[in-house]
Amino acid sequence: MINTTLCYIEKDNRYLMLHRTKKENDLNEGKWIGVGGKFEKNETPEECLLREVKEETGLTLTKYRLRAVITFISNQWETEYMYLFTANEFTGEVTECSEGVLEWVNKEEVMKLNLWQGDRIFLKKIMKEDNFFTLKVVYEGEQLVESVVEDY
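Residues numbered from 1 in each chain as written. Predicted model: local features only at pLDDT ≥ 70, side-chain atom pairs only at ≥ 80, totals over all residues. Heavy atoms only, no water.

Draft legend 1. Representation of the overall build of the protein chain in the model. Helices and strands together make up the secondary structure of the protein chain, namely 3 helices and 9 strands. Starting at the N terminus and walking to the C terminus, you meet the elements of the protein chain as β-β-β-β-α-β-β-β-α-α-β-β. The C-alpha atoms of the protein chain give a radius of gyration of 14 Å, which matches the 15 Å a tight globule of 152 residues would have. Expressed as lengths along the three principal axes of its C-alpha atoms, the size of the protein chain is roughly 40 × 35 × 35 Å. Restricting to contacts in the protein chain with at least 6 residues of sequence separation, those with at least 24 account for 64%. (Helix = DSSP H or I, 4+ residues; strand = E, 2+ residues; numbered from the N terminus. Rg over C-alpha atoms; globule rule 2.2 N^0.38 Å. Contact = heavy atoms within 4.5 Å.)

This is the structure:
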């Protein structure tokens, strides 16, 4: 089991998206995702979020919100618990990312990108400004075979 964070940084009706193209043996290769990563020892979700965003984008988040906890279950990968955040205030300038290409994408265009099927579920909910929720997604390979949403 691994714990991760993922953040969709918002500015001018756009999300900062990461096109995963540079990392070796990347299970997200070719996909567009938010920014984030794995917890380090003894980190809280917020500490992981702030560290990962700074490492991947050069930005320092000043306002962010926990939107959901996502459980990823797969027949190929370890179970992952992901803390999903959005952020709309930050300082700094976007820098180059070692894991792919960062690009500001209009929210209306995000669903046209090469996304994981489960990501489409939670992106629709965060775009609608839904309340906190949990989501369980089950994959066989890259195929989504089950999803369960619980709203709070």
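Draft legend 2. Highlighting the pattern of salt bridges. Applying the stated rule across the entire model yields 11 salt bridges. For R51, the salt bridge is made with E55, and the minimal N-O distance between the two is 3.3 Å. Of the two residues, R51 and E55 are both situated in helix α1 (residues 45-57); the distance of 4 residues between them amounts to about one turn of the helix. What emerges from the salt-bridge pattern is a single network uniting E40, E43, R51, E52 and E55. (Salt bridge = Lys/Arg side-chain N within 4 Å of Asp/Glu carboxyl O.)

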